[in-house]
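As a plain string of letters, each chain reads:
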Amino acid sequence: MSTAFVLGGGGVLGATQVGMLQGLLEEGIVPDLVVGTSIGAINGAFVAQDPTPGAMDGLAELWADVVRSGGLMESPVRQAARLAKSRTHVLSPGTLPRLVARHLQVDRIEDLSVPFQCVAAHIETSASHWFTEGPIAPAVAASCAVPGLFAPVEIDGAHYLDGGLVHSIPVGRAMSLGASRIYVLQVGRVEQPLTPPTKPSEVGLVAFEIARRHRFVEEIATVPDEVELHVLPSGAEESPAMMTLGYGRGSRITRRIEQGREATRDYLAGR
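About the cut-offs
Residues numbered from 1 in each chain as written. Predicted model: local features only at pLDDT ≥ 70, side-chain atom pairs only at ≥ 80, totals over all residues. Heavy atoms only, no water. Helix = DSSP H or I, 4+ residues; strand = E, 2+ residues; numbered from the N terminus. Buried < 20%, exposed > 50% of the residue type's maximum accessible area, 1.4 Å probe, protein only. Contact = heavy atoms within 4.5 Å. Axes fitted to C-alpha atoms, helices over the stretch in contact; angles between N-to-C directions. Parallel < 35°, antiparallel > 145°, perpendicular 65-115°, else oblique. Left-handed = near helix turned anticlockwise from the far one by under 90°. Pairing = 2+ DSSP bridges. Core = buried A, V, L, I, M, F, W, Y, C linked by side-chain atoms within 4.5 Å. Phe/Tyr/Trp six-rings, centres within 6.5 Å; stacked < 30°, edge-to-face > 60°. Right-handed = clockwise from strand over helix to strand, strands pointing away. Polar contact = N/O pair within 3.5 Å; in protein donor to acceptor, adjacent residues only side chain to side chain.

- Labelled according to an unreviewed UniProt entry, the protein chain appears under the name NTE family protein, originating from Janibacter alkaliphilus.

## With respect to the overall build of the protein chain
Line of reasoning, step 1. In terms of regular secondary structure, the protein chain is built from nine helices and eight strands.
Line of reasoning, step 2. For the protein chain, the proportion of its 271 residues judged to be buried stands at 49%.
Line of reasoning, step 3. Contacts in the protein chain between residues far apart in sequence, at least 24 positions, make up 73% of those at least 6 positions apart.

## Section: the packing of helix H2 (residues 39-49) against helix H6 (residues 136-143)
Line of reasoning, step 1. Taken N-terminus to C-terminus, the directions of H2 and H6 make an angle of 150°; their axes are 7 Å apart at the nearest point. Comparing their axes, H6 and H2 come out roughly antiparallel. The handedness of the crossing between H2 and H6 comes out as right-handed. Where H2 abuts H6, its residues Ala41, Ile42 and Ala45 lie against Ile136, Val140 and Ser143.

## Some thoughts on the pairing of strand S3 (residues 116-122)
Line of reasoning, step 1. Counted residue by residue, S3 has seven buried out of seven residues, so it is predominantly covered.
Line of reasoning, step 2. Pairing of strand S2 (residues 33-37) with S3 involves four bridges; the strand directions are parallel. By the bridge assignment, Val34 is partnered in S3 with Phe116.
Line of reasoning, step 3. Two elements, S3 and strand S4 (residues 127-131), share five bridges in a ladder whose sense is antiparallel. Its bridge partner being in S4, His122 is matched across the sheet by Ala127.
Line of reasoning, step 4. Across two bridges, the pairing between S3 and strand S6 (residues 158-161) is antiparallel. Counterpart to Ala121 in the pairing with S6 is Leu161.

## Some points on the nonpolar core
Line of reasoning, step 1. Ranked by internal contacts, the top residues of the largest apolar core, which has 57 residues, are Phe5, Phe131, Ile136 and Leu185.
Line of reasoning, step 2. Setting aside its immediate chain neighbours within four residues, Phe131 contacts Ile109, Phe116, Gln117, Cys118, Ala120, Ala139, Ala142, Ile155 and Tyr160.
Line of reasoning, step 3. With 17 residues, the next largest nonpolar core counts Ala121, Val171, Ala174 and Val223 among its residues.

## Quick look at the packing of aromatic side chains
Line of reasoning, step 1. The full count for this structure, using the stated rule, is two aromatic pairs.
Line of reasoning, step 2. Relative to Tyr183, the ring of Phe5 lies with its centre 6.1 Å away and its plane at 85°, an arrangement referred to as edge-to-face. Remark: Tyr183 occurs in strand S7 (residues 181-185) and Phe5 occurs in strand S1 (residues 3-7); sequence separation between them is 178 residues. Here Phe5 matches Tyr183 in class, with each residue buried.

## Thoughts on H2
Line of reasoning, step 1. Along H2, eleven of the eleven residues are buried, which leaves the element largely enclosed by surrounding structure.
Line of reasoning, step 2. For H2, the set of buried residues is Ile39, Gly40, Ala41, Ile42, Asn43, Gly44, Ala45, Phe46, Val47, Ala48 and Gln49.

## Topic: the pairing of S2
Line of reasoning, step 1. Burial analysis of S2 places five of its five residues in the buried class, the great majority of the element.
Line of reasoning, step 2. Across the two faces of S2 the burial is the same, with Leu33, Val35 and Thr37 and Val34 and Gly36 all buried.
Line of reasoning, step 3. Pairing between S1 and S2: four bridges, direction parallel. Paired with Phe5 across the two strands is Val34, which belongs to S2.
Line of reasoning, step 4. The parallel pair S1 and S2, bridged by helix H1 (residues 15-26), forms a crossover whose chirality is right-handed.

## Notes on the environment of Glu110
Line of reasoning, step 1. Assignment of secondary structure puts Glu110 in the loop between helix H5 (95-103) and S3.
Line of reasoning, step 2. A residue is classified by how much of its surface remains accessible, and Glu110, at 39% relative accessible area, is partly exposed.
Line of reasoning, step 3. Along the backbone, Glu110 and Thr132 are 22 residues apart, and their C-alpha atoms lie at a distance of 7.4 Å.
Line of reasoning, step 4. Among residues more than four places away in sequence, those in contact with Glu110 are Glu133 and Gly134.
Line of reasoning, step 5. A polar contact of 2.8 Å, which involves the side chain of Glu110, links it to the side chain of Arg108.
Line of reasoning, step 6. Within the structure, Glu110 has its side chain in polar contact with the backbone nitrogen of Gly134 (distance 2.8 Å).

Pasting the structure below:
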């Protein structure tokens, strides 16, 4: 069977995927295809480069290093200055490309060990754009360009924003590419039930989650019987729609990795 790993978006909650990858690879489950969006594009590129348990230990260390160094966070003063100047974003556009280029040993998508694709939202056409070849760093940066945090990423004259706007968890892409066994690495948010809002503060959150989840829900419902589908549990106690900087603390990152690994092991043992 052709096995695909599908890695969804979710910001710092994506640490959960590191534990899931550890659990899968430790059981000898290796992908023939990797597709990812947003933070899942970063984690996906790493597993596509080297789908071994040892490499995932290195990815976990990368997450720890980023947290310890504050690699994705600048001082509030610098962020405020950038927002005042740009009026659209608070983080440096070069942050993610530098991070990927520094830690990946492969420069181009087609040179990864496992076929890999990541998606971004193409601003000019409002369409999904799948990066299937070319430099990895700008493609991943485009897939992770969260509106308001990062500026749109320009590649060959086109502009892109976060892939989660068009494919939060791209199961349909894996099916269209012929995957017959799919492991879905989600970060836990789709596990949280939605209820009608009862407060003004909940209206936007519920609407945001519906917009984010609906395509995934519809694609899951259309998976044919001949495709073996596994939606891995996150094992996390909470996966909020809106996150504060506290969710990026080292202790929480480490715990989410452990929870993802334990939940994946339990799931596979149960299967």
